[in-house]
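What follows is the residue order along each chain.
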Amino acid sequence: MKQERFKTYTKDHCWQYDIRLNNFEEDLKLSGLDINTVKNLKCSDFTFQHEEKSSVYSEVKSFIERHEWLGKMSLYPTHIFTARYNGILAGVVIMDMPNSFSKMLGEDTRKIERLISRGACISWSPKNLASSLLSFAIRWMVKNTQYRLFVAYSDTEAKELGTIYQACNFYYLGKKSGATFQYKIENGKWVSDRYFRSRSVYKRLALKDGIIWKDEWQKGDRVLFDLMPKDIADRIKELSKNYMNSCEKRRINPKHKYAYVLSHNKYDTKRLRSIFLANNKIYPYPKERGN
């Protein structure tokens, strides 16, 4: 598993850049492009767009599995953004429900907060494609949705610093975030505690326990415990907790945390950023890789 390989990963650059180096020759061959073409590519040669999850999920999932260090899709993707060159998928940014809602912009933060959960670019893309696509994604979200706060994490295990977030002028909130433990499930993958609270896990455990699952107990990826009889809701939560506690677990290092605030006009952006700065301590950008 990718996570296991960090025990012996000693290179100076981050893991995702290593993926880029290793994939280059095969990516170039699969694209049908030549080396001179890709050397001269600019971000303006790419088409940025928001795409419906239902139409691109499979394509994006394969892309993330190949090009992103975690190698798997996030649990609750809500918005998918792509960069394409002549139709070839070259970059992906995925917005998600936060792992837990914050109060970084006060009591109503949960209404306007999204998590940047995944992001990757193909190996032959220009190096600033990732930051350009991320900026496009944030601007699209602000124009077309109610979301104004965008949170991201950089994993120290992967020797990530958050270079893209720094390039986009995110606020840096320090290296003290993320889950404390990961858990090893049956297929050998390491997951966070959030996995055990996913709809698919709740539903699977309930059915295995003889509970007949009702469609009205779910809405999309959400489980609506308030619509269940209390004894059933309590039982399903207990099954989930017992399942998590039965798994092997390991302690993981805290992650770098970044945040970006943007609204639909300069006045409201200034207002929200003032609130953010009053509520949160901002740190200098990290410059040294490693744990």
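Residues numbered from 1 in each chain as written. Predicted model: local features only at pLDDT ≥ 70, side-chain atom pairs only at ≥ 80, totals over all residues. Heavy atoms only, no water.

Q: How would you summarise the pattern of salt bridges if you had to cite specific residues and measurements?
A: Under the counting rule described, the total for this entry stands at 15 salt bridges. Between Arg197 and Asp193 there is a salt bridge, with the nearest N and O atoms lying 3.6 Å from each other. Assessed through its relative accessible area of 40%, Arg197 is described here as partly exposed. (Salt bridge = Lys/Arg side-chain N within 4 Å of Asp/Glu carboxyl O. Buried < 20%, exposed > 50% of the residue type's maximum accessible area, 1.4 Å probe, protein only.)

Q: Would you mind going over the layout of surface pockets in detail, with residue names and values included?
A: Estimates place the volume of the second largest pocket at around 430 Å³. Along the walls of the second largest pocket sit 17 residues, with Tyr76, Met97, Phe101, Arg197 and Arg222 positioned nearest its centre. Sorting the residues of the lining of the second largest pocket by element identifies α7 (199–208) and β10 (222–223) as the ones contributing at least two each. Class assignment of the residues belonging to the lining of the second largest pocket gives a composition of eight nonpolar, three polar and six charged. (1 Å grid on protein atoms, 1.4 Å probe; cavity = no way out; pocket = protein on both sides within 12 Å on 5 of 7 lines; lining within 4 Å. Points joined across faces, edges and corners; volume = space filled by probe spheres on them. Helix = DSSP H or I, 4+ residues; strand = E, 2+ residues; numbered from the N terminus. Nonpolar A, V, L, I, M, F, W, Y, C, P; charged D, E, K, R; others polar.)

Q: So what's going on with helix α8 (residues 230–246)? Which residues, and what values?
A: Along an α-helix, residues three or four positions apart point the same way, because every turn accommodates 3.6 residues. In this model, α8 (17 residues) spans 24 Å end to end at C-alpha, consistent with the 24 Å of a helix rising 1.5 Å per residue. Buried within α8 are the following residues: Ala233, Ile236, Leu239, Ser240, Tyr243 and Met244. The buried residues of α8 occupy an angular sector of 130° when projected down its axis, which confines them to one face. Away from its buried face, by an angle of more than 90 degrees, α8 presents the exposed residues Lys230, Asp231, Lys241, Asn245 and Ser246. Lining the buried residues of α8 we find β7 (181–184) and α7. (Expected span 1.5 Å × (residues − 1). Arc of directions from axis to C-beta. Contact = heavy atoms within 4.5 Å.)

Q: Could you give me a rundown of the environment of Asp34, with the residues and numbers involved?
A: Structurally, the position occupied by Asp34 is in the loop between α2 (15–31) and α3 (35–39). Among the polar contacts made by the side chain of Asp34, one reaches the main-chain amide nitrogen of Thr37 at a distance of 2.8 Å. (Polar contact = N/O pair within 3.5 Å; in protein donor to acceptor, adjacent residues only side chain to side chain.)

Q: How would you summarise the packing of α7 against α8 if you had to cite specific residues and measurements?
A: For the pair α7 and α8, interaxial distance at closest approach is 9 Å and the crossing angle is 105°. One element, α7, and the other, α8, form an angle in the roughly perpendicular class. Contacts from Val201, Tyr202, Arg204, Leu205 and Ala206 of α7 reach α8 at Ile236, Leu239, Ser240 and Tyr243. Class assignment of the residues belonging to the contact of α7 with α8 gives a composition of seven nonpolar, one polar and one charged. (Axes fitted to C-alpha atoms, helices over the stretch in contact; angles between N-to-C directions. Parallel < 35°, antiparallel > 145°, perpendicular 65-115°, else oblique.)

Q: So what's going on with the packing of aromatic side chains? Residues and values would help.
A: The full count for this structure, using the stated rule, is 16 aromatic pairs. Relative to Phe170, the ring of Tyr165 lies with its centre 5.1 Å away and its plane at 50°, an arrangement referred to as tilted. Aromatic pair Tyr165 and Tyr258: ring centres 5.4 Å apart, planes at 40°, arrangement tilted. Placement of Tyr165 in helix α6 (residues 163–167) and of Tyr258 in strand β12 (residues 255–261) is noted, with a sequence separation of 93 residues between them. The burial state of Tyr165 is the same as that of Tyr258; both residues are buried. Among the aromatic residues, those joined into a cluster by ring pairs are Tyr165, Phe170, Tyr172, Tyr258, Tyr260 and Tyr285. In this structure, Lys237 packs its charged tip against the face of Phe225, placed 4.8 Å from the ring centre. (Phe/Tyr/Trp six-rings, centres within 6.5 Å; stacked < 30°, edge-to-face > 60°. Lys NZ or Arg CZ within 6 Å of the ring centre and 35° of its normal.)

Q: Help me get a handle on the pairing of strand β4 (residues 113–121), residues and values and all.
A: A large share of β4 lies buried, amounting to eight of its nine residues. Pairing analysis gives three bridges linking β4 to strand β5 (residues 149–154), with the strands arranged parallel. Each bridged residue has a counterpart across the sheet, and for Arg114 the counterpart in β5 is Phe150. In this fold, the crossover linking β4 to β5 by way of helix α5 (residues 129–144) has right-handed handedness. (Pairing = 2+ DSSP bridges. Right-handed = clockwise from strand over helix to strand, strands pointing away.)

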